[in-house]
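What the coordinates show
Now for the letters of each chain:
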Amino acid sequence: MAEMKGKIEKGGKKMQPKLTILKLFQKSLAPVPHQINRLLARDLSTITQFPLTHDSPFSPESPSRLTRDPKLSDPENGNFSISPLANWVDNPTLENFKSISAEGGIRGDIDKVKGILKRYFPSEDAVVKALDESGINATNDLVSQLLERFSNQWITALGVFIWANNQTGYVHTPRLYDLVVDILGKCKKFGIMWKVVNEMNELNGHVSFSTMSIEVRRLASSGMYKDAIDVLRGLEKYRVKKDTVALNMVMHALAKQGGAKDAYSVFLEFKDSITLDSHSFNILIHGYCEARMLDDARKTMEEMEKHGFRPDASSYTCFIKAYCKQKDFRNVEVILNEMGEKGCEPDVIAYSIYIRALGKARKINEALVVYENMNKNSCKPDAKFFSTLIYVLGRSGRLNDAWYVFEDMENHGVSRDLWTYNAMIYHACANRQGNSALKLLERMEENSCKPDLETYQPLLKMCCKMKDMKVLKFLLSHMFNNNISIDLSTYALLIRELAESGKLDHACFFLQDAVLNGIVPMDRTYEILLKELVQNDMVEMKGKIEKLMLQAKEQI
């Protein structure tokens, strides 16, 4: 890809230890927008207290750290008090995360490049030029972290990729090629994505099954089912084997995105030329169940048996999930009984799905029975099961019990993972336990458990609702340093919650920030902001936001 630049077009209290998890259930329930008009951006930047420029100290891309009073309290604004965490919030230590710990001077280079890239760039050429002038040498580790950090900003990511590739002696790894293909697909830049893939194919055979699966997944998620199927048809052109694994990959991508009928058409087209396995049929069953086409799912299960494959726990779990979504627990029991009759015991996934659905329906006593059956069948809980249990308890208002489960996991031989931390942080935030929620984030850092967007979203939402802009700034900086890129849903959350909390200047900032990063907010998000601006007589700002969105949509 040596000529790519030229070829590519533009915590709460715990229960006493004597309690067991089983006893927890025995309690009764408690009731391309970078080319927008820059004059408009300058107009928006005149907002007082919260300047709408990317170099603002509050900018989501700004790596600057919080400087605040050690007491961290602002009762006048309803802020939560996190005094015990003052030192950590003011002096975050992120080196424990494997993703950003590095040898030598790489950390300094990363910070320097991030500082350069926090600005907006109208094209990948502008990114390349800025990085060329920095004098920094590209390494695979540096490029990897930058692609992760800017995974929702395709122009910046592609610019980084081209800049590194142009350097003498530097060679992209296959993983980095796959990363940029994924970013382009996620941002729906499929024309450029295919140029990159074809360029890869002309090189050293860098196109792999992984590359093709990324393409198929991104095409299917955009509803481009025919294009996804065409990838399977043309695999051999890229020297990728067209086998059972490839067929299942395409069928799964289609079925997962609501294309059950298209998955079946692929099945029919290739069933005589590619060997099928039990997973092929389970994918179809899953797709039909997700689409609530249960009769077709049953017929597929019958066809599965005709081909000599015995339905397994995964097959039946598809039906359990479908009935749980409908709150049809009677038919869930029918499926469980059918499994027992056929000697197919439910697995921890099936139990987790069932218990979660019962918890959402506030049927804790019934969930107890399911948990007892799980124990009788010697089905051991895993981290995802405990996450489900925490969710159920938190949803029913029993936060102390959820804390107990969280702390007691390791006594059951199960380590806390991202899922369990996220579940506990979610409920701590939902109950406005800001101190505890931030302590959990700190514990993740201490235990080298890297957070993701799902970790931060409830924390960001809580800060917006409580109008704590200082902690919000810290969290955005924390995300930046962990190479976590703000996506469309996170921008929507920030804009919506800040607007409804009366922080309209801040909400306008994030709408502009999204647009300048190539992300056009959804109409619903935009309408909420406009409504609040009208109600607060901010007519001039409303006009500027309308112009901003109009120009952004014209660039799509």
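Treat the numbers as computed from the prediction; the structure is a model and nothing was measured.

1. Focus on the overall build of the protein
Secondary structure summary: the protein contains 30 helices and zero strands in total. The 556 residues of the protein split such that 54% are buried. Just so you have it, the protein exposes about 24,400 Å², and 48% of that area is on carbon and sulfur atoms.

2. Section: the state of the cysteines
Under the counting rule described, the total for this entry stands at zero disulfides. Of all cysteine sulfurs, the one in Cys-463 lies closest to Cys-429, which takes part in no disulfide; the gap is 7.7 Å.

3. Looking at helix 7 (residues 140–149)
Extensive coverage of helix 7 is indicated by the burial of seven of its 10 residues. For helix 7, every residue scored as buried is listed here: Leu-142, Val-143, Ser-144, Gln-145, Leu-146, Leu-147 and Arg-149.

4. Quick look at a positive patch on the surface
Among the surface-exposed residues, Lys-327, Arg-356, Lys-360, Arg-362 and Arg-395 lie close enough to one another that they form a single positively charged patch. For Arg-362, a relative accessible area of 43% corresponds to the partly exposed category.

5. Section: the layout of surface pockets
Roughly 1,100 Å³ of internal volume is contained in the largest pocket. Looking at the lining of the largest pocket, the elements with two or more residues in it are helix 17 (313–325), helix 19 (348–360), helix 21 (383–395), helix 23 (418–430), helix 25 (453–465) and helix 27 (488–500). Within the lining of the largest pocket, the residues separate by chemical class into 16 nonpolar, six polar and 12 charged.

6. Looking at the packing of aromatic side chains
The full count for this structure, using the stated rule, is 12 aromatic pairs. Look at Phe-267 and Phe-281: their rings are 5.5 Å apart centre to centre, the planes differ by 70°, and that puts the pair in the edge-to-face class. Separated by 14 residues along the polypeptide, Phe-267 in helix 14 (residues 260–270) and Phe-281 in helix 15 (residues 278–290) bring together distant segments of the chain. Neither residue differs from the other here; Phe-267 and Phe-281 are each classed as buried. An angle of 80° between the planes, with centres 5.2 Å apart, marks the rings of Phe-509 and Phe-510 as edge-to-face. The exposure class of Phe-509 is buried, given its relative accessible area of 1%. Members of the aromatic cluster, connected to one another through ring pairs, are Tyr-264, Phe-267, Phe-281, Tyr-288 and Phe-309. The aromatic ring of Tyr-391 is capped on one face by Arg-356, whose charged end is 3.7 Å from the ring centroid. The ring centre of Phe-406 lies 4.9 Å from the NZ or CZ of Arg-416, which sits over that ring.

7. A closer look at the packing of helix 10 (residues 190–202) against helix 11 (residues 209–221)
The angle between the axes and the distance between the axes are what describe a pair of packed helices. Put simply, helix 10 and helix 11 touch, their axes get as near as 12 Å, and they point 170° apart. One way to sum up the angle between helix 10 and helix 11 is to call them roughly antiparallel. Of the residues in helix 11, those touching helix 10 at Phe-190, Met-193, Trp-194, Val-197 and Met-200 are Thr-211, Met-212, Glu-215, Arg-218 and Leu-219. Looking at the contact of helix 10 with helix 11 residue by residue, the class counts come to seven nonpolar, one polar and two charged.

8. Topic: the nonpolar core
Leu-475, Leu-529 and Ile-545 are the most contacted members of the largest nonpolar core, which totals 175 residues. If one sorts the elements of this core by residue count, helix 8 (residues 154–165) sits on top with nine residues.

9. Some remarks on the pattern of salt bridges
Close approach of charged atoms lets side chains of opposite charge pair. In the structure shown here, the tally under the stated rule is 20 salt bridges. The residue Lys-129 makes a salt bridge to Glu-133 at a minimum N-O spacing of 2.6 Å. Between Lys-321 and Glu-290 there is a salt bridge; the shortest N-O distance is 3.6 Å. Highlighted residues: Lys-321 in helix 17 and Glu-290 in helix 15, separated in sequence by 31 residues. We classify Glu-290 as partly exposed; its relative accessible area is 32%.

10. Quick look at the packing of helix 18 (residues 329–341) against helix 19
Running from N to C, helix 18 and helix 19 cross one another at 160°; their axes reach a closest spacing of 12 Å. Relative to helix 19, the element helix 18 lies roughly antiparallel. In this structure, helix 18 crosses over helix 19, and the sense of that crossing is left-handed. Here Phe-329, Val-332, Glu-333 and Leu-336 of helix 18 come into contact with helix 19, specifically with Tyr-354, Ala-357 and Leu-358. The class makeup of the residues in the contact of helix 18 with helix 19 is six nonpolar, no polar and one charged.

11. Focus: the UniProt feature "repeat: PPR" (unreviewed entry) in the protein
Following the UniProt record, one finds the feature "repeat: PPR" (unreviewed entry) at residues 277–311, 312–346, 347–381, 382–416, 417–451 and 487–521. Taken end to end, residues 347–381 comprises 74% helix and 0% strand; its first and last C-alpha atoms sit 10 Å apart.

12. With respect to unusual backbone geometry
Trans peptide bonds make up the majority, and among non-glycine residues the majority have a negative phi. A positive phi angle, near 55°, is found at Ser-378, a position not held by glycine. Mapped onto the elements, Ser-378 comes out in the loop between helix 20 (364–376) and helix 21. The phi dihedral of Arg-432 falls on the positive side, at around 55°, and the residue is not glycine.

13. Details of the side chain of Thr-300
For Thr-300, the location among the structural elements is in helix 16 (residues 294–306). Not counting chain neighbours up to four residues away, the residues in contact with Thr-300 comprise Phe-281, Leu-284, Ile-285 and Tyr-288.

14. Structural notes on helix 25
Between its first and last C-alpha atoms helix 25 spans 18 Å; for 13 residues at 1.5 Å apiece the expected length is 18 Å, and the two agree. Within helix 25 the residues assigned to the buried category are Leu-453, Thr-455, Tyr-456, Pro-458, Leu-459, Leu-460, Met-462, Cys-463 and Cys-464. Taken together, the buried residues of helix 25 touch helix 23, helix 24 (434–446), helix 26 (469–481) and helix 27. Measuring from the side-chain oxygen of the N-cap residue of helix 25 to the backbone nitrogen of Glu-454 gives 3.1 Å; that N-cap residue is Asp-452. One or two residues past the end of helix 25 sits Lys-467, with phi positive at roughly 55°.

15. Let's talk about the environment of Glu-133
Secondary-structure assignment places Glu-133 in the loop between helix 6 (124–132) and helix 7. A relative accessible area of 59% places Glu-133 in the exposed class.

16. Things to note about the environment of Leu-358
On the secondary structure map, Leu-358 appears in helix 19. Taking the C-alpha atoms as reference, Leu-358 lies 8.2 Å from Val-392; in sequence the two are 34 residues apart. Beyond its immediate stretch of four places on either side in the chain, Leu-358 contacts Phe-329, Lys-363, Glu-366, Ala-367 and Val-370.

17. Some details on the confidence of the model for the protein
Of the residues in the protein, 80% have a pLDDT of 70 or more, and the chain-wide mean is 81. The model gives residues 5–106 a pLDDT under 50, and that stretch makes 271 contacts with residues more than four places away or in other chains.

Cut-offs and rules
- Residues numbered from 1 in each chain as written.
- Predicted model: local features only at pLDDT ≥ 70, side-chain atom pairs only at ≥ 80, totals over all residues.
- Heavy atoms only, no water.
- Helix = DSSP H or I, 4+ residues; strand = E, 2+ residues; numbered from the N terminus.
- Buried < 20%, exposed > 50% of the residue type's maximum accessible area, 1.4 Å probe, protein only.
- Areas by Shrake-Rupley, 256 points an atom, 1.4 Å probe, with all protein chains shown as cover.
- Disulfide = S-S within 2.5 Å.
- Patch = residues over 30% accessible without salt bridge, like charges linked within 9 Å, V, L, I, M, F, W, Y side chains within 5 Å.
- Salt bridge = Lys/Arg side-chain N within 4 Å of Asp/Glu carboxyl O.
- Lys, Arg positive; Asp, Glu negative; His and termini not counted.
- Charge placed at Lys NZ, Arg CZ, Asp CG, Glu CD.
- 1 Å grid on protein atoms, 1.4 Å probe; cavity = no way out; pocket = protein on both sides within 12 Å on 5 of 7 lines; lining within 4 Å.
- Points joined across faces, edges and corners; volume = space filled by probe spheres on them.
- Nonpolar A, V, L, I, M, F, W, Y, C, P; charged D, E, K, R; others polar.
- Phe/Tyr/Trp six-rings, centres within 6.5 Å; stacked < 30°, edge-to-face > 60°.
- Lys NZ or Arg CZ within 6 Å of the ring centre and 35° of its normal.
- Axes fitted to C-alpha atoms, helices over the stretch in contact; angles between N-to-C directions.
- Parallel < 35°, antiparallel > 145°, perpendicular 65-115°, else oblique.
- Contact = heavy atoms within 4.5 Å.
- Core = buried A, V, L, I, M, F, W, Y, C linked by side-chain atoms within 4.5 Å.
- Left-handed = near helix turned anticlockwise from the far one by under 90°.
- UniProt positions renumbered as here; feature names shortened; annotations may be inferred.
- Expected span 1.5 Å × (residues − 1).
- Polar contact = N/O pair within 3.5 Å; in protein donor to acceptor, adjacent residues only side chain to side chain.
- pLDDT = per-residue confidence, 0-100.

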